[in-house]
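Structural overview
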Amino acid sequence: MSKIISLSSGDSPDKHIAQSFFHHKQTELDELFDTLCCPEDAQPQGVTHGTLFAIKGFNALPRTAHAIVYRLLCTWINPWKGKKFDALQGANILFSKKGSTTFGYYHVAQMKDDKGRPFICLNYDHERNIALLKCIRGEARLLREGTWLARMRLKSRKGLSTLLYFTLEENV
């Protein structure tokens, strides 16, 4: 676990830190997420570049196999490019990193987890979304300046379950 945490401050700014997480399982990322902070005045701004990894169900695969899949998701195969933030709302960016095509809208607010630790909440219960998306909640904490570790969670009667992790990098 300490290997992951040391990456938050040790990587050079021009490297995409997300690729360092491709070999880690969701449980390891859950532990890391719990150690991260979210300053009161911090919030992702503008267009962010996103990278997906730790998708639920892939943990059964060998680490090398899911790392290969996540590298493929960094190519043109994946239409999701990141997120666009505008004050207290935002949307997912599809097809182009410029942010001109959006889908999946959310409200942005700072919340606290059950232990009182703050995080940025991306609430998809937004009037512009189809019903299927309204049960999704994103959670983000600051990994390092300009880079957020985030997870997509599904709200159900049983509570929250994590579907995947991703990073958001500002000014990329």
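This section reports on the structure supplied with the text.

Rules used in this analysis
Residues numbered from 1 in each chain as written. Predicted model: local features only at pLDDT ≥ 70, side-chain atom pairs only at ≥ 80, totals over all residues. Heavy atoms only, no water. Pairing = 2+ DSSP bridges. Helix = DSSP H or I, 4+ residues; strand = E, 2+ residues; numbered from the N terminus. Axes fitted to C-alpha atoms, helices over the stretch in contact; angles between N-to-C directions. Contact = heavy atoms within 4.5 Å. Buried < 20%, exposed > 50% of the residue type's maximum accessible area, 1.4 Å probe, protein only. Polar contact = N/O pair within 3.5 Å; in protein donor to acceptor, adjacent residues only side chain to side chain.

On the basis of which strands lie adjacent, the closed barrel formed by eight strands has the order E1-E2-E3-E4-E5-E6-E7-E8 and antiparallel pairing. The mean inter-strand angle of the sheet, taken between neighbouring strand axes irrespective of direction, is 35°. The sheet contact formed by strand E3 (residues 89-94) and strand E4 (residues 102-112) spans five bridges and is antiparallel. From the neighbouring strand, Ile 93 faces E4, where its bridge partner is Thr 102. Most of the contacts of helix H2 (residues 26-35) go to strand E8 (residues 159-170), to which it runs at about 70°, and overall it touches strand E1 (46-53), strand E6 (136-144), strand E7 (147-156) and E8.

Turning next to the side chain of Arg 141. In this fold, Arg 141 is placed in strand E6. Taking relative accessible area as the criterion, Arg 141 reaches 1% and is therefore assigned buried. Within the local environment of Arg 141, its side chain forms a polar contact with the backbone oxygen of Arg 117, the two atoms lying 3.3 Å apart. In this view, Arg 141 contacts Phe 33, Asp 34, Leu 36, Cys 37, Cys 38, Asp 113, Arg 117, Pro 118, Phe 119, Trp 148 and Leu 149; residues no more than four positions away in its chain are not counted.

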